[in-house]
Amino acid sequence: MSKKTEKWMKAAAVRAVKTMAQSAVALIPAAATIGAVDWQVVLGTAALAGVVSLLTSLAGLPEVPEENEGNEKQH
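Residues numbered from 1 in each chain as written. Predicted model: local features only at pLDDT ≥ 70, side-chain atom pairs only at ≥ 80, totals over all residues. Heavy atoms only, no water.

Remarks on the overall build of the protein chain
Part 1 of the reasoning: What the protein chain contains, in helices and strands, is two helices and zero strands.
Part 2 of the reasoning: When the 75 residues of the protein chain are sorted by exposure, 19% land in the buried category.
Part 3 of the reasoning: Counting contacts in the protein chain only where the partners sit at least 6 residues apart, residues at least 24 apart contribute 73% of the total.
Part 4 of the reasoning: Working note: accessible area of the protein chain is about 5900 Å², and carbon and sulfur atoms make up 63% of it. (Helix = DSSP H or I, 4+ residues; strand = E, 2+ residues; numbered from the N terminus. Buried < 20%, exposed > 50% of the residue type's maximum accessible area, 1.4 Å probe, protein only. Contact = heavy atoms within 4.5 Å. Areas by Shrake-Rupley, 256 points an atom, 1.4 Å probe, with all protein chains shown as cover.)

In structure tokens, the structure reads:
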């Protein structure tokens, strides 16, 4: 595996985990008590958010510069 692929995979995974955590945390306050939280919905929504994040990352990650970025001469 190339260094660029490895760097992209790490950045995409970190972004997906952060997105999943944000989605889960956003759903928890909807319940009156922690016992009333529908954990199946929370986990399902978080998992879906992670998949969407990974698919969005296919369009590009600002954390991983394109190959020709930084190599271009500035005018």
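What about the environment of A11?
Part 1 of the reasoning: Mapped onto the fold, A11 is located in helix α1 (residues 3-27).
Part 2 of the reasoning: Here A11 is in contact with L61, E63 and V64, once residues within four sequence places are set aside.

Thoughts on the packing of α1 against helix α2 (residues 39-57)
Part 1 of the reasoning: It is the contact of α1 with α2, at a shortest axis distance of 8 Å, that shows an interaxial angle of 150°. Judged by the sense of rotation from one axis to the other, the crossing of α1 with α2 is right-handed. Along its contact with α1, which presents W8, A12, A13, R15, A16, T19, M20, S23, A24 and L27, the element α2 presents V41, V42, T45, A46, A47, A49, G50, S53, L54 and S57.
Part 2 of the reasoning: For the contact of α1 with α2, the residue count by class is 13 nonpolar, six polar and one charged. (Axes fitted to C-alpha atoms, helices over the stretch in contact; angles between N-to-C directions. Left-handed = near helix turned anticlockwise from the far one by under 90°. Nonpolar A, V, L, I, M, F, W, Y, C, P; charged D, E, K, R; others polar.)

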